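# Observations on the three-dimensional arrangement
The residues making up each chain are set out below.
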Amino acid sequence: MMVDFNSVDFLPWLVPVGPLLAFLIISLATNRAKPEPASSLVYGGFRPPYGDLGVPVATSWSRILSITVGISGVVMSLLVSWRLVFTATATKDFGEVVFGSSVDWLSLGSLPAFQMGVLVDPLNSAMLFMVPLAVLCIFIYSIGYMAHDPRQSRFFALISLFAGAMLTLVVADNLLLLFVGWEVMGLCSYLLIGFWYEKDTAYKAAIKAFTTTRVADVLMLLGIAYLYAETGTLSFREILYNPAVLEALAGKEALLFGGFGLSAAGLIGIFLVIGTIGKSAQFPLHLWLPDAMQGPTPVSAMIHAAAMVSAGIYAILRMYPVFAAGGDPHHGIFTAPLLLMAVVGAFTALFAATMAVAQNDVKAVLAYSTISQLGFMMAALGIGAYIAAAFHLITHAFFKALLFMASGSVIHAMEHGEHHAHEHHAPAHGIGGGADPHDAHSHDAHAEHGHDAHHDAHDSHAFDPQDMRNMGGLDKKIPVTYWTFLAGGLSLAGFPLITAGFWSKDEILADAWLGTTEGFGPHALVFVMLAVAAFMTAFYTMRQIGLTFKGEARTEPAQHAGLGGQYDIISQTMQLPLIILTPFALFAGFVGVPKDFPIFGSIFASEHNPFKYFVIESLHPVLHFEAPAFNWFPVLVSFAVALGGIYLGYRMYWVKPLKAGEEDPMIKILGGDLYTTLQRRYYMDELYVLLFVQPSQWISRQVNEFVDKGIIDSVLHGIARFFTWVGDLTKVLNAWLIDGVGDGIPRWIFQAGGWLRGAQTGKVQQYLLVVLIAAVVIGVIFALTAGAVTAQ
Amino acid sequence: MFPIFGFDAFSVLIFAPALFALLVLLLPSNKWLARIVTLAASLIVGAIAVAVFFTYQQQAPADGGYLVAPAVPWFELIGATWHLGVDGVSAAMVLLTGILTPLAVLVSWEVEDRPKTHLALLLLFETGCMGVFVAMDLMVFFLFYELSLVPMYFLINQWGGPKREYASTKFMIYSIGGTLGMLLATQLIGFSTGTFDIATIAATWPQLAADQPVFLGMSVATVKALAFIGFFVAFCIKVPVWPFHTWLPDAHGEAPTAGSMLLAGVMLKLGAYGFVRLVVPFFPDVWIANIPLLGINVATMFAILAMLGIVLGAFAAYGQNDIKRLVAYSSVNHMGFVAIGLAVMALLYGQAWELAQTGSVLAADAAQNAIIATNGAVLQMFNHGLSSAAMFLLAGGIYHKTHTRDIREYGGLWVKAPVFGAIFIFTSMASLGLPGLNGFVSEFLVVRGAFPVFTVITLISMIGLLFTGNYILKGVRTVLHGPLNMHWKDYNLELERHELVAIAPLMALMLITGLVPNWILTVINSSVTGIFSVFMG
């Protein structure tokens, strides 16, 4: 095989190469640190009790090189990806024609080797457009956001690996390579959530994320193994583009659960869906995602938007024909995995939205909204709204990346405000002319927080820069952040017609309504739950923006909040990505306007819905979606829930903004108990500790103490003691006998015996005897029983 | 196979380390001289091992059979011959031994107490392991199998941790106890078949008719069952298969770093190799025989024990507060995957043999399950050798520097030792089976092969895979995360240069095997496929 990277068939290999290389280069070469006293260092707002211990801090040149290498890697991915995307859109019959190539990877038996390869088809073209762009924005943002962090170089190495893993997953042409990217991303999220590993909340959140997703991943692995066993391949094209394989899967009874009427496709599908439930944080495995915001904010954007959780939905989109095999949701025939998705997705969408309503942490609201929005996609997939789900995945990634980075910018502004407030009260503090952060033009990272060093530790920990109750009035302090946040928020709320979120959500509701009118239960369930969830989404988004930006500053840090001057590189690198993403958050929806939508249809979809028409080709031979005829009802519902929620939030939090010392009006409306229950996530963390964590710790102790030391070793020691006793008895007997018979030679024998017995620990012979006797006893039993059978 | 100074390469692999050991012992007492000479010696042997592996890769017979050295008469009285050779499975093991020994030698530079003897014992141990892996004669196999115990016993007993007396004695007695049955079984088989040639026995011994009185008035079935138990128990102890594993945490925990590395990396493989090479081919009829009281066949029982090893091993590891015992229990967990793969191999080999008696063959998908599971098991042996050796290197290194193995006394070490931390995480992830690294490929193959055969057992084993994550994360968390325990603030905890040099090849191999497993799997696969193709017509 000639490798020619000018050919689009080989080009996909290069997509993940840039970030992966960047990871290697940074880890092996450019990540260099020199020791500095820890007293002036802050790890994500946490100051470990190190005193003046010398700890490694990335040097300035190491930061600059690492940033350069990291960004170059992503830019390379972006260029390659977009080249592929644009070639793809210009290719006739793209979908039937795809770009890809593969190599022999694993020889198993005398059959042809397992193929490892890459593929670009319409579905992942859409991802290839979105992912590198969002990732690049996140990288640029990290320059400023992590500028003060002692380990910025390591951070760039890890997010490069993260990006590389996501891109590997996207271009994979088989489920195994997808799983590789999937798990490496899990590792990266673990390392990055726990990036400030000195903080106990951070490493606990990291472990929680890894463990929770691993529950799902081991089952997904089983699903992959099962699929491989059934079909002899894991290649997407060979399985999914092949009606015969799908029919065979759907027609075959499942192992183990076949008695419940489950087909092989059904069981494989359930295993894979469980994988996504973990990765995309769906109920009941959603608990890790809100905690994941313990990581630096760019990581949250990475996890919540561009990579991690999107990967879960992407995997389902990718494998969709397997889930649908044997069913047809458009005609009311649901397979088990589809039903599972519809129910879990719809429930999660609503369930997470209720929790988002009662959160006070600016990032927590977004975290729950992510869970809820992923529920939308999951539910859409469950009812067969394949295109709508894919569409929402893309639009959501844009506006959620925007929102997370904007919220990070809010937090950063608040932290600055806090420093400033302290400066104000205690101008005498500060070492060696610590500069006012507002004037800090220099990008010299470690000096900047220096003035902070002598602050009383209590002060810096008591204040929570992420708590929205401490904010207010930020719209005037950080206008760029405000306007971009508003754009992202309106898109999340589904503000009609001019936001991307509206178009994708509307399409899900339209599909759900179509099924409802035909009397399909799951469609009706999905429609009602998603409509209510959409209403709540609009409401809590407005609550969030109101609390954060509107009214007057409620605390002194909010009074002094700011990102630094206009020319500050930190301020610039943190605002530029927001500005880049805003148009996408608003207008990306126009690529998926239904053809017969009044006015907009004729503008943006003169022939057909472009996004749908493009992506649908991924599954051409196996699935057919008819475009639902335009129906006013779901559109009006979309309008009503979005505008209704926005209006309610506007009335409660914009018109009468919260004042300092005032209680959130939500508490009065919901009642204290319900409010606390929502805020505490229905106490599910506590429940899980009780149900899973404590029992597993108990079992571990029992396995050690009771099984291994208690039973197995006790039996060994017990037999050993028995033989010691027999030995002692013999010795006594001998002594008595020998004493009776006489001295001389017998005494020598006795002494020899004593010497033998005392050799080493005195237990050698005992053990030997134990094992011998045991072996003989077991042997005789086995011989008799097994012999009896083979003789028959 | 290529000759070296007129001797065949296999004999050189066996005798060179022993002769070098002798040389090291005779050296003047200068620890650096001993270190350098031992390292050079182990590198020479390692190079020969690598050459053997690649020679096999190039010259392997199409059916994946043996490359042999001419047999030399030896113990003619009882029919044993000095008969050596390698196939794909043993070539992989020879390679593993050849790679790990120099690294263990390098790491044991930390030993200041009687370094010469310590280093010589490592070389002697290599002789034992190489002998097992290249033996094609049952007596030769047995001889070296026993020989490998002796140096390891002294390594633990003389250079071990505080509880070394107990640990080394338990190790020795347990192993000797196991091999006693094996010796008996070897004699039984040799006496019945009149040969000790492994390949001949594999062909003739299962065919002994059950109704024909052979030995000491017992029926053939009883003789076979007895012989089976002799081998089975011996290898179960060595692998170790639950519940024969309790010697392992003690031995690993107390052994010096190099001892732990070789114990986990190579010695456990002797047991698994024994299953592949002897127990499966010799006893196809016994594997598929039902155990009356339990109502399941022997292979299924073996799979259940493997499953218990995976699940309980993971739980036990999770419950440890001693870093070396934690890593030791991870071996129980990981070798459980080897065992479950071997159980699939045994069951389907047995079925294929039974079908062959009536002239039919195993269904193609069943044969594929068997081949994949066996490939997975052998690859897992290799992979576990890499990752467990690396884990013990790191655990031993940190023990050497802090003089404690209690993980509760660590905490936040990453900030003091950034390179150590990164490598610790890398190795932990390889051990955890992160896709992209070596362990995943073999675990996936085992799961893939076992799921259609032992569905429920595999499903339950997944709990063990889940808890693998838990104990690995517990290890990482307690060692690296959290604020630094200020007790260590003046310690140098960073990896030393020789440790870094020793672990670098392991990391490279873990990554390469994870990304391009075919560099070794083609070799394993050809022989594994060959083993099953005997019954495929």
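Note that this is a predicted model, so its numbers are computed, not measured. (Residues numbered from 1 in each chain as written. Chains lettered and ligands numbered in written order. Predicted model: local features only at pLDDT ≥ 70, side-chain atom pairs only at ≥ 80, totals over all residues. Heavy atoms only, no water.)

### A look at the overall build of chain B
The secondary structure content of chain B amounts to 20 helices and 8 strands. Over its C-alpha atoms chain B spans a radius of gyration of 22 Å, differing by no more than 12% from the 24 Å that the globule rule assigns to 537 residues. With respect to the three principal axes, the spread of C-alpha positions in chain B is 75 × 55 × 45 Å. Looking at chain B as a whole, 71% of its 537 residues are labelled buried. Looking at chain B alone, contacts between residues at least 24 apart form 81% of all its contacts between residues at least 6 apart. Taken as two groups, the 22 positive and 26 negative side-chain charges of chain B have centres that lie 12 Å from each other. (Helix = DSSP H or I, 4+ residues; strand = E, 2+ residues; numbered from the N terminus. Rg over C-alpha atoms; globule rule 2.2 N^0.38 Å. Buried < 20%, exposed > 50% of the residue type's maximum accessible area, 1.4 Å probe, protein only. Contact = heavy atoms within 4.5 Å. Lys, Arg positive; Asp, Glu negative; His and termini not counted. Charge placed at Lys NZ, Arg CZ, Asp CG, Glu CD.)

### Concerning the overall build of chain A
Regarding its fold elements, chain A presents 32 helices and 4 strands. Expressed as a percentage of the 792 residues in chain A, the buried residues total 60%. For chain A, restricting intrachain contacts to residue pairs at least 6 apart in sequence, the fraction spanning at least 24 positions comes to 77%. Carbon and sulfur atoms make up 67% of the accessible area of chain A, which amounts to about 29,100 Å² in all. (Areas by Shrake-Rupley, 256 points an atom, 1.4 Å probe, with all protein chains shown as cover.)

### Describing the interface of chain A and chain B
If you look at the interface, chain A gives 74 residues, while chain B gives 86 residues. Here chain A and chain B share an interface that buries about 7,100 Å² over both sides, 76% of which is from carbon and sulfur atoms. Three residues stand out in chain A for area buried against chain B, namely Trp105, Tyr197 and Arg214 of chain A, and they jointly supply 9% of the buried area on that side. Across the contact surface, chain A and chain B share 1 salt bridge. Asp713 of chain A is paired through a salt bridge with Lys170 of chain B; the nearest N and O atoms lie 2.9 Å apart. Applying the counting rule to chain A against chain B returns 19 residue pairs in polar contact (both at pLDDT 80 or more). At the level of elements, strand S2 (54-58), strand S3 (99-106), helix H6 (175-193), helix H7 (200-231), helix H30 (684-741) and helix H32 (764-791) of chain A are the ones that each hand at least two residues to the side of chain A that touches chain B. Its residues assigned to classes, the side of chain A that touches chain B comprises 49 nonpolar, 15 polar and 10 charged. (Buried area = accessible area lost by both parts, 1.4 Å probe. Salt bridge = Lys/Arg side-chain N within 4 Å of Asp/Glu carboxyl O. Polar contact = N/O pair within 3.5 Å; in protein donor to acceptor, adjacent residues only side chain to side chain. Nonpolar A, V, L, I, M, F, W, Y, C, P; charged D, E, K, R; others polar.)

### Quick notes on the environment of Ala352 of chain B
Among the secondary structure elements, Ala352 of chain B is positioned in helix H14 (residues 323-357). The residues touching Ala352 of chain B, leaving out its near neighbours within four places in the chain, are Leu362 and Phe535 of chain B.

### A word on the packing of helix H3 (residues 88-107) of chain B against helix H11 (residues 257-282) of chain B
Residue and element names in this part refer to chain B. Here H3 crosses H11 at 170°, and the two axes come no closer than 9 Å. Regarding the angle of H3 to H11, the classification is roughly antiparallel. Along its contact with H3, which presents Val89, Ser90, Met93, Leu96, Thr97, Leu100, Thr101, Leu103, Ala104 and Val107, the element H11 presents Thr257, Ala258, Met261, Leu262, Gly265, Val266, Lys269, Tyr273, Val276 and Arg277. Residue composition of the contact of H3 with H11, grouped by class: 13 nonpolar, 5 polar and 2 charged. (Axes fitted to C-alpha atoms, helices over the stretch in contact; angles between N-to-C directions. Parallel < 35°, antiparallel > 145°, perpendicular 65-115°, else oblique.)

### Here's the deal with the pattern of salt bridges
One side chain can pair with another of opposite charge once the charged atoms of both are near each other. Residue and element names in this part refer to chain A. Applying the stated criterion to the full structure yields 27 salt bridges over all chains. For Asp291, the salt bridge is made with Lys208, and the minimal N-O distance between the two is 2.8 Å. Taken together, the residues Asp291 in helix H11 (residues 288-291) and Lys208 in helix H7 connect sequence positions 83 residues apart. Overall, the relative accessible area of 16% leaves Asp291 in the buried class. Lys208 sits in the partly exposed class, given a relative accessible area of 21%. In this structure, Arg469 engages Asp467 in a salt bridge whose closest nitrogen and oxygen atoms are separated by 2.8 Å. Given a relative accessible area of 41%, Arg469 falls into the partly exposed group. For Asp467, a relative accessible area of 11% corresponds to the buried category. Connected via shared salt-bridge partners are Lys208, Asp291, Arg681 and Asp685.

### Comments concerning the side chain of Ser42 of chain B
Residue and element names in this part refer to chain B. Tracing the backbone through its elements, the reader meets Ser42 in helix H2 (residues 31-59). Accessibility expressed as a relative area gives 0% for Ser42, which makes it buried. Contacts of Ser42, omitting those with residues within four sequence positions, involve Thr101, Pro102, Val105 and Leu123.

### Points about helix H16 (residues 418-432) of chain B
All names here are of chain B. End to end, H16 covers 21 Å across 15 residues, agreeing with the expected 21 Å (1.5 Å per residue, within 8%). Burial analysis of H16 places 11 of its 15 residues in the buried class, the great majority of the element. Within the span of H16, buried status applies to Phe420, Gly421, Ile423, Phe424, Ile425, Thr427, Ser428, Met429, Ala430, Ser431 and Leu432. Of the residues flanking the end of H16, it is Gly433, one or two places downstream, whose phi is positive at about 90°. (Expected span 1.5 Å × (residues − 1).)

### A closer look at unusual backbone geometry
Cis peptide bonds are those with omega within 30 degrees of zero, and the linkage from Phe283 of chain A to Pro284 of chain A qualifies with 0°. With respect to the element layout, Pro284 of chain A can be found in the loop between helix H10 (264-279) and H11. Of note, the amide linkage connecting Trp242 of chain B to Pro243 of chain B takes the cis form, showing an omega dihedral of 0°. Residue placement: Pro243 of chain B occurs in the loop between helix H9 (220-238) and helix H10 (247-254).

### Some points on the confidence of the model for chain A
Residues and elements named next belong to chain A. Taken as a whole, chain A shows an average pLDDT of 82; of its residues, 86% reach a score of 70 or greater. Mean pLDDT across the elements of chain A bottoms out in helix H17 (residues 445-448) (37) and peaks in helix H5 (residues 152-171) (93). Here residues 426-461 is a poorly scored stretch, pLDDT under 50, and it has 51 contacts once near neighbours within four places are set aside; other chains count. Note that pLDDT drops below 50 for residues 758-762; the model gives that stretch 7 contacts with residues more than four away or on any other chain. (pLDDT = per-residue confidence, 0-100.)

### Here we look at helix H14 (residues 336-357) of chain A
The first and last C-alpha atoms of H14 of chain A sit 32 Å apart over 22 residues, in line with the 32 Å expected at 1.5 Å per residue. Judged by how many residues are buried, H14 of chain A sits mostly within the fold: 17 of 22 residues are covered.

### Focus: the confidence of the model for chain B
Here chain B averages 89 in pLDDT, and 98% of its residues register 70 or above. Reported confidence for the predicted complex is 0.92 by ipTM and 0.89 by pTM.

### Quick notes on the pairing of strand S4 (residues 114-120) of chain A
All names here are of chain A. Of all 7 residues making up S4, 6 are buried, and the element is well covered by its neighbours. As paired elements, S3 and S4 share 7 bridges and run antiparallel to each other. If you follow Leu106 over to S4, its bridge partner there is Phe114. (Pairing = 2+ DSSP bridges.)

### Observations regarding the nonpolar core
Of all hydrophobic cores here, the largest spans 490 residues; its most connected members are Phe231, Phe283 and Trp287 of chain B. Leave out the neighbours within four places in its chain, and Phe231 of chain B touches Leu138, Met182, Ala185, Thr186, Ile189, Leu278, Val279, Phe282 and Phe283 of chain B. (Core = buried A, V, L, I, M, F, W, Y, C linked by side-chain atoms within 4.5 Å.)

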